[in-house]
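Take a look at the letters that make up each chain.
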Amino acid sequence: MQHDLWLTPMRVALDEARAAPGTGDVPVGAVVVDRDGELVGRGHNVREATADPTGHAEIVALRDAATRRGEWRLDGCTLVVTLEPCTMCAGAAVLSRVDRVVFGAFDPKAGAVGSLWDVVRDRRLNHRPEVVTGVLADEAATLLGGFFVTHRGTPAE
């Protein structure tokens, strides 16, 4: 099963997500792995910690990978993220030329990889990454739900 290929990097992304709530950020984590499965980038949400509206886990991980590789084109790489990317992050995945986007939980309120929009598979764009969904989705959703109950008093919808 294709999901099995992504269990290890998703677990690393979940570990990244667990680092975010200490800063008041929503626990979303992301990693970028190359075609050999080597970790080349990692990140978690830092919007609150850095007062940066672009401080989403995916952006942090993609920037880290590009810096480590010394180029913005991330051909041969996979972005693995605990929550379905928003429009900004889905656009960044397309622009970085990753081969695929793998995510855990769907985001029915802001997801742009199938839920509200499907940015990465829009035929009008010059690059369309493969998409793999639902990898450790329950674990990712539980982590998010616990954060929202603790920090906002209501479960995530």
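Scroll up to find the structure.
Residues numbered from 1 in each chain as written. Predicted model: local features only at pLDDT ≥ 70, side-chain atom pairs only at ≥ 80, totals over all residues. Heavy atoms only, no water.

So, about the overall build of the protein. If you tally the helices and strands in the protein, you get 6 helices and 5 strands. Helices and strands in the protein line up, N terminus first, as α-α-β-β-α-α-β-α-β-β-α. In terms of C-alpha radius of gyration, the protein reaches 14 Å, essentially the compact-globule figure of 15 Å for 157 residues. In terms of overall dimensions, the protein has a C-alpha envelope of 40 × 30 × 30 Å along the principal axes. When burial is assessed residue by residue, the protein has 47% of its 157 residues classed as buried. (Helix = DSSP H or I, 4+ residues; strand = E, 2+ residues; numbered from the N terminus. Rg over C-alpha atoms; globule rule 2.2 N^0.38 Å. Buried < 20%, exposed > 50% of the residue type's maximum accessible area, 1.4 Å probe, protein only.)

As a further point, take the packing of aromatic side chains. The final tally for this structure, using the stated rule, is 2 aromatic pairs. Look at Phe 103 and Phe 106: their rings are 5.0 Å apart centre to centre, the planes differ by 85°, and that puts the pair in the edge-to-face class. Exposure remark for Phe 103: the relative accessible area of 0% places this residue in the buried category. The class of Phe 106 is partly exposed, set by a relative accessible area of 44%. Between the aromatic rings of Phe 147 and Phe 148, the centroid separation amounts to 5.2 Å while the plane-to-plane angle is 80°, which identifies the pairing as edge-to-face. (Phe/Tyr/Trp six-rings, centres within 6.5 Å; stacked < 30°, edge-to-face > 60°.)

On to the nonpolar core. Among the nonpolar cores identified, the biggest contains 44 residues, and Met 10 and Val 32 are the most heavily contacted of them. Every element with two or more residues in this core is listed here: α2 (7–19), β1 (29–33), α4 (57–69), β3 (78–83), α5 (87–96), β4 (100–105), β5 (130–132) and α6 (137–152). Those residues within four positions of Val 32 in sequence are excluded, and the remaining contacts are Glu 38, Leu 39, Val 40, Gly 41, Ala 61, Leu 62, Ala 65, Cys 77, Thr 78 and Leu 79. (Core = buried A, V, L, I, M, F, W, Y, C linked by side-chain atoms within 4.5 Å. Contact = heavy atoms within 4.5 Å.)

This brings us to the pairing of β1. A regular strand carries its side chains on alternate faces of the sheet. Among the 5 residues of β1, 5 are classified as buried, and the element is accordingly described as predominantly covered. In the sheet, β1 pairs with strand β2 (residues 39–44) via 5 bridges, with the strands oriented antiparallel. Among the inter-strand pairings, Gly 29 is bridged to a residue of β2, identified as His 44. What sits between the antiparallel neighbours β1 and β2 is a turn of 5 residues, in which Gly 37 has the positive phi angle 85°. Taken together, the 4 bridges between β1 and β3 define a ladder with antiparallel strand orientation. Directly across from Ala 30, in β3, lies its bridge partner Val 81. (Pairing = 2+ DSSP bridges.)

Checked against the element boundaries, Glu 84 lands in the loop between β3 and α5. With near-sequence residues (within four places) excluded, Glu 84 lies in contact with Phe 103, Ala 105, Phe 106, Asp 107, Gly 111, Ala 112, Val 113, Gly 114 and Ser 115.

With 13 residues, α4 extends 18 Å between its outermost C-alpha atoms, agreeing within 8% with the 18 Å of an ideal straight helix rising 1.5 Å per residue. Tucked inside the fold, the buried residues of α4 contact β1, β2, β3 and α5. Gly 70 sits one or two positions beyond α4 and adopts a positive phi of about 75°. (Expected span 1.5 Å × (residues − 1).)

A few words on the environment of Val 26. As for its position among the elements, Val 26 is in the loop between α2 and β1. Val 26 sits 118 residues away from Leu 144 along the chain, and the two C-alpha atoms are 7.2 Å apart.

The strand order β2-β1-β3-β4-β5 describes an open sheet built from 5 strands, whose pairing is mixed. Strand pairing shows two members of the sheet lacking a second neighbour, β2 and β5, which therefore form its edges. Each adjacent strand pair in this sheet contributes to an overall mean axis angle of 15°, direction not counted. Here β4 runs beside β5; their pairing, made up of 3 bridges, is parallel. Bridging from a neighbouring strand, Val 102 pairs with Val 132 of β5. In the packing of α4 onto the sheet, contacts are made with β1, β2 and β3, and the angle to β2 comes to roughly 150°. (Axes fitted to C-alpha atoms, helices over the stretch in contact; angles between N-to-C directions.)

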